[in-house]
Amino acid sequence: MADIHREHYFDLSVSDQADLLQSLAPMMGRRAEILEKDIWLCQVLDILFQLPCRKPMAFKGGTSLSKVYKVIDRFSEDIDLTYDIRELVPDLLRDGNPIPASASQEKKITSAVRSRLPQWIEQTVQPVIEQALVASGLQAALSLAGKDSDKLIITYPATKKGTGYAAATIQLEFGARATGEPHQRHHVACDIAPLIDGVTFPTAQPLVMAAERTFWEKATAAHVYCLQGRLRGDRYSRHWYDLAALAKTTHFAS
């Protein structure tokens, strides 16, 4: 028989949430802020892939490698998403082929993506996420970010403040230069969920880009960084880490 007394994490009082996170932090070997961010990350993924605009999107990148494929140990806190280019600029593709046939076509596609993607984020994604959060009784602020306004920052009310170790934000970074294929639906859960009885946590069923495709995207990016001489800094080092981790798995052999 199902446990009818299970309470959802977000129905707990703020102090109970803080106590729960603080008590589990030593067991998990992570700061309480990171455990809280992971819960919000799963909540946001759940909202994203239940939206009316969810079908053309695929979850990818480092966070998918940690949350879905369990390939990397580092905590990756951003949500990278690919919006199917065939949905965004169908009028510029020849017979639906997402690969440009010429340099001039590539320039037209790039220009159109830079113009249309921010509009889609602001006019379609942001309002429905805000509505979904309100419907769930959750408070969070949403704002556009990035040089091309291709990022959406969700700022949530942290139960604990003052350490400055991890910002109380979830960053959604959208791209629209590919199809996001191959992909498959996967189950995503909070890392602390198995350790707690009597409390339920957010789960999600995102459409996730294959790890093999993520490997080739990261390998291509690393090649570009090498050619440009951009080899230092956290932004680049994580690509080397992810590539090395993927190379030790069966995904690399594929």
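The sections below set out a description of the structure shown in this document. (Residues numbered from 1 in each chain as written. Predicted model: local features only at pLDDT ≥ 70, side-chain atom pairs only at ≥ 80, totals over all residues. Heavy atoms only, no water.)

All chains considered together, the criterion is met by 7 aromatic pairs. When the centroid spacing of 5.1 Å and the interplanar angle of 70 degrees are considered together, the rings of Phe-10 and Trp-40 count as edge-to-face. Of the two residues, Phe-10 sits in the loop between β1 (7-8) and α1 (14-28) while Trp-40 sits in helix α2 (residues 32-48), which places them 30 residues apart along the sequence. Taken individually, Phe-10 and Trp-40 each receive the classification buried, so the pair is uniform in this respect. Between Trp-40 and Tyr-156, the aromatic rings sit 4.9 Å apart at their centres with planes inclined by 10 degrees, giving stacked as the arrangement. Residue Trp-40 is located in helix α2, and its partner Tyr-156 is located in the loop between β5 (151-155) and β6 (169-175); the two are separated by 116 residues in the primary sequence. Accessibility assignment for this pair places Trp-40 and Tyr-156 in one class, buried. The structure contains a cluster of three or more aromatic residues connected by ring pairs, namely Tyr-9, Phe-10, Trp-40, Tyr-156 and Phe-201. (Phe/Tyr/Trp six-rings, centres within 6.5 Å; stacked < 30°, edge-to-face > 60°. Helix = DSSP H or I, 4+ residues; strand = E, 2+ residues; numbered from the N terminus. Buried < 20%, exposed > 50% of the residue type's maximum accessible area, 1.4 Å probe, protein only.)

The terminal C-alpha atoms of α1 lie 20 Å apart, and with 15 residues this matches the ideal 21 Å at 1.5 Å per residue to within 8%. Burial in α1 covers these residues: Gln-17, Ala-18, Leu-20, Leu-21, Leu-24 and Ala-25. End-on, the buried residues of α1 take up no more than an arc of 160 degrees, which puts them together on one face. Of the residues in α1, the exposed ones pointing more than 90 degrees away from the buried face are Asp-19, Pro-26 and Met-27. If you follow the buried residues of α1, they end up packed against α2 and β9 (199-200). One or two residues past the end of α1 sits Gly-29, with phi positive at roughly 70 degrees. (Expected span 1.5 Å × (residues − 1). Arc of directions from axis to C-beta. Contact = heavy atoms within 4.5 Å.)

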